Amino acid sequence: MTEPNGLRAADLTLEEKAALTSGADFWTTKAIDRVGVPSIMLTDGPHGLRKQATGNDHLGLAGSVPATCFPPAVGLSATFDPELAERVGVALGVESAIEDVAVILGPGINIKRSPLCGRNFEYMSEDPIVSGAMGAGLVKGIQSQGVGSSLKHFAANNQETDRLRVSSDVDPRPLREIYLRGFERVVKDAQPWTVMCAYNRINGVYASEDPWLLTQVLREEWGFDGIVVSDWGAVNDRVAGLVAGMDLEMPSSGGRTDAELVAAVRDGRLDERDLDVVADRLLELARKAQARPATTGPLDVDAHHALAREVAGRAIVLLKNEGTLPLPRNARLAVIGEFARTPRFQGTGSSQINPTRVDSALDAIRAVAGDVPFAAGFDITPEGVPEPETARLRDEAVAVARDAGTVLLFLGVPSHEESEGYDREHIDLPAAQLDLLDAIVEVNPDVVVVLSNGGIVALPFARKVPAIVEAWLLGQAGGSATADVLFGEVNPSGRLAETIPLRLEDTPAYGSFPGEHGHVRYGEGLLVGYRWYDEKQLAVRYPFGHGLSYTTFAYGEAVAAVREDGDVVVVVPVTNTGRVAGREVVQAYTSLPGSDVQRPPHELKAFASVQLAPGETASVTLRIRRSELAYWDIRVDRWIVESGAYVIDVGSSSRDLRTSTTVVVDGDEVVLPASLNSSFDELLLDPVVGSDLRAMIEERYGTGENQLLKMLGNFPVGRLDGFPLPRADLVELVERAQRG
Ligand code: BGC
């Protein structure tokens, strides 16, 4: 390979430039041998490398080279630890480099708008700060190894139903404050080499051909300087896409769309300079890929498996524990549930990794506690089994449970119920599993439920059992990590990055998800996730941010101050008041009483994960960026920080707030030009003429309780000729206000 260094679009023919803009095949770009441009590989992602050696598809159907399967995003995000995400990113970068992969397709940080999204296992959170911070950690780690990442799916791709065509109809505030905010953070903090545009449309325009999204927002506002790659098959109109800022079409179009670009230049529909800009960016990507230092394998399989186990242990969320956990090593246990023997450790679709090995929880538990009895309890095959077999499996398990001290009951969502490509129909565990639980609790109430699921599930049995462990999909080492937590080798510290509601019917998008006739209306607006439950004061099963530990933490008083750069720093002392070492995830939520705009009751703005020895106190510092306090102001189309006394609540979950403080923030000014269409209320606030207007009205109509002003307040001043003041006076006031 020759260096493409110094090579520019101007050195290429029109056909060569067009050739650069689409794939050679499923996973690689085209080489241009004449001038030494190499072909590079882009492949999935996100929680492991999926490099297909033989057979190409993007649905995970054909096999791929063995790679470490780290916990999918649903698990990783529960660690609330961007530094840990960065370590995973480094490992992903190393594995990609060994396999000569230039760009790994991830992370995916779309917001979990509804628990029904079939792909929620691949996404981080219902909250943009968690999604953005965790995504940035992964990108930094990956790219530290000279490998590019692909931040996806940009944007508002929050369902699988009709995903290639549906229009996500979102108002500007939720679009900016919820759905784009995480992407903005990753782009600004970590500069991913590539951003993958989503399949769907946003407010009617395909993401792959939306100049507002791909150029104005991404490049001009956020400063992105990498390349935009289409999701596999997201291109609708290639020429429109190129002009909008969509650089690389994947996979190959067999040359069809390259020819379309060439023809468009020739007949004047496409300015060749637009193609040059894109070709230059693609040459730059090839240069970056070539600059990666040479990597020598082989992959350290054991070290990466150990990291996968550490992360999985940190991802597990202890939802409930009335003292059963941690288990003594000599506990008289029974393990029940097919998921203990046949782990569900990742989701189905393009992210499906061929793991280097897989730990089952059953083996890991037996390695600690000896030959523990096991019963499958239920079937998890897509075909199912006839009723007599269901009954036999249940009865056999109940018999095993009856003789045990503590029952470890592994329940979960069978893989065919959640996948890329289609959405879930409900959030319930299969009836056979719920029946099994009821039958077991009757003979032995000492039951620890361990859950395997990519999307959250309803937990109607939460009061019936003493302990519930949320073990998500945890990657290839999830089984041993689960045993680590059950026996107290690892003190759980995972937190819910999404609310577990009582019922599907309570969820914010219920009734509008997944839309119809090509449109889905995001009618809940800003009230996504905990923002919704808190606004409506709805009870939930377990709130956002929740997660127990085997120790306890006490919070001192939080103090906050505004730094010179405008960011807010919150400091809070946190003490481990228990007898074992543990990790607390300290969370800071803000609100602004009396705000001029609609705001959820409180919003997470910063968090920190801190490890504490028994008795140790740490002074935890949380930094709230000034930009995170801003709302999107639709009057001026920009971010505005309101002035005021912001309340900062700090605690252990969104509904377990331990200490509160306020900080006065000097906000941004919004100056709206005065006109005859300004309301009396607005003109009264004008710094130049406001007091004159008040004086003129009071002169005519008197002072005191001014009912007239109250009634007229929302009237445009120019609307009623001669009332309440002569028009000429009002025109003069408006003109004076305009002059400033
Ligand atoms: C998925 C992407 C994935 C791509 C390549 C698409 O169907 O939406 O997430 O990276 O395929 O496999």
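The coordinates are above.
Below, the structure is looked at part by part. (Residues numbered from 1 in each chain as written. Predicted model: local features only at pLDDT ≥ 70, side-chain atom pairs only at ≥ 80, totals over all residues. Heavy atoms only, no water.)

It is characteristic of soluble globular proteins that their nonpolar side chains tend to be buried jointly. Phe154 and Trp232 are the most contacted members of the largest nonpolar core, which has 111 residues in total. Core analysis: the second largest hydrophobic core is formed by 77 residues, Val372, Leu437, Val457 and Ala462 among them. (Core = buried A, V, L, I, M, F, W, Y, C linked by side-chain atoms within 4.5 Å. Buried < 20%, exposed > 50% of the residue type's maximum accessible area, 1.4 Å probe, protein only.)

The way to describe two aromatic rings as a pair is by their centre distance and the angle between their planes. Within the structure shown, the criterion is met by twelve aromatic pairs. Centroid distance Tyr530 to Tyr589: 6.0 Å. Interplanar angle 90°. Geometry classified as edge-to-face. With a gap of 59 residues between them, Tyr530 in helix H17 (residues 530-535) and Tyr589 in strand S19 (residues 582-591) connect regions that are remote in the sequence. For the residue pair Tyr530 and Tyr589, the accessibility class agrees, reading buried in each case. Of the aromatic side chains, those joined through ring pairs into one cluster are Phe80, Tyr530, Phe544, Tyr589 and Phe607. (Phe/Tyr/Trp six-rings, centres within 6.5 Å; stacked < 30°, edge-to-face > 60°. Helix = DSSP H or I, 4+ residues; strand = E, 2+ residues; numbered from the N terminus.)

Let us now look at the layout of surface pockets. Counted as a void, the largest pocket has a volume near 830 Å³. Forming the walls of the largest pocket are 26 residues, and the residues nearest its centre are Arg635, Val670, Val671, Leu672 and Leu685. Elements represented by at least two residues in the lining of the largest pocket include exactly helix H18 (680-684) and helix H21 (727-739). Of all the elements, H18 adds the most residues to the lining of the largest pocket, at three residues. Each residue belonging to the lining of the largest pocket can be placed in one class, and the counts come to 14 nonpolar, four polar and eight charged. When residues of the lining of the largest pocket are assigned to domains, at least three map to each of domain 3 (553-665) and domain 4 (680-739). If you add up the space inside the second largest pocket, you get close to 510 Å³. Taken together, 21 residues line the second largest pocket, and the ones lying closest to its centre are Pro82, Glu83, Ala133, Arg185 and Phe607. Contributing elements (two or more residues each) for the lining of the second largest pocket: helix H3 (82-98), helix H4 (128-143), helix H6 (181-190), strand S20 (603-612) and strand S21 (617-624). When grouped by side-chain class, the residues that make up the lining of the second largest pocket number nine nonpolar, three polar and nine charged. Lining the lining of the second largest pocket are residues from two domains, each supplying at least three of them: domain 1 (12-291) and domain 3 (553-665). (1 Å grid on protein atoms, 1.4 Å probe; cavity = no way out; pocket = protein on both sides within 12 Å on 5 of 7 lines; lining within 4 Å. Points joined across faces, edges and corners; volume = space filled by probe spheres on them. Nonpolar A, V, L, I, M, F, W, Y, C, P; charged D, E, K, R; others polar. Domains from an automatic or database assignment.)

Let's shift gears to the packing of H3 against H4. Following both chains from N to C, one finds H3 and H4 inclined at 35°, their axes separated by 6 Å at the closest point. The interaxial crossing formed by H3 with H4 has right-handed handedness. Facing H3, whose interface residues are Pro82, Ala85, Glu86, Val88, Gly89, Val90, Leu92 and Gly93, H4 presents Ala133, Met134, Gly137, Leu138, Lys140, Gly141 and Ile142. Its residues placed into classes, the contact of H3 with H4 shows nine nonpolar, four polar and two charged. (Axes fitted to C-alpha atoms, helices over the stretch in contact; angles between N-to-C directions. Left-handed = near helix turned anticlockwise from the far one by under 90°. Contact = heavy atoms within 4.5 Å.)

Attention now moves to a nonpolar patch on the surface. A cluster of nonpolar residues, Tyr701, Phe715, Leu720 and Phe723, forms a patch on the protein surface that exposes about 320 Å² of accessible area. Locating Phe715 in the fold gives a position in the loop between helix H20 (707-712) and H21. (Patch = residues over 30% accessible without salt bridge, like charges linked within 9 Å, V, L, I, M, F, W, Y side chains within 5 Å. Areas by Shrake-Rupley, 256 points an atom, 1.4 Å probe, with all protein chains shown as cover. Salt bridge = Lys/Arg side-chain N within 4 Å of Asp/Glu carboxyl O.)

The next thing to look at is helix H19 (residues 690-701). Compared with an ideal rise of 1.5 Å per residue, which puts twelve residues at 16 Å, H19 spans 17 Å between its outermost C-alpha atoms and is within 8% of the ideal. Every buried residue of H19 is accounted for by Gly690, Leu693 and Ile697. Each buried residue of H19 sits inside an arc of 70° when the element is viewed along its axis, so together they form one side. Among the exposed residues of H19, those pointing more than 90 degrees away from its buried face are Ser691 and Glu699. In this fold, the buried residues of H19 make contact with H18, H20 and H21. Count one or two residues on from H19 and you reach Gly702, which has phi positive near 90°. (Expected span 1.5 Å × (residues − 1). Arc of directions from axis to C-beta.)

The next subject is the site of the ligand. If you check the shell around the ligand, you find 15 residues, and the closest are Asp44, Arg119, His153, Tyr199 and Asp231. A distance of 3.3 Å is found between an oxygen atom of the ligand and a side-chain nitrogen or oxygen belonging to Arg163. A distance of 3.1 Å separates an oxygen atom of the ligand from a polar side-chain atom of Glu420. For the ligand, whose accessible area on its own is 310 Å², the fraction buried by protein is 100%. Taken together, the residues of the shell around the ligand sort by class into five nonpolar, three polar and seven charged. (Near = heavy atom within 4 Å. Polar contact = N/O pair within 3.5 Å; in protein donor to acceptor, adjacent residues only side chain to side chain.)

Let us now look at the sheet that holds strand S25 (residues 656-665). Within a sheet, neighbouring strands are paired by backbone hydrogen bonds and run either parallel or antiparallel to one another. Reading across from one edge, S20-S19-S24-S25 is the order of the four strands in this open sheet, with antiparallel pairing throughout. Strands at the two margins of the open sheet, each flanked by one partner only, are S20 and S25. In this sheet, adjacent strand axes meet at a mean angle of 20° when their direction is disregarded. Both S19 and strand S24 (residues 644-653) contribute to a ladder of five bridges, which runs antiparallel. Paired with Ala588 across the strands is Val650, a residue of S24. (Pairing = 2+ DSSP bridges.)

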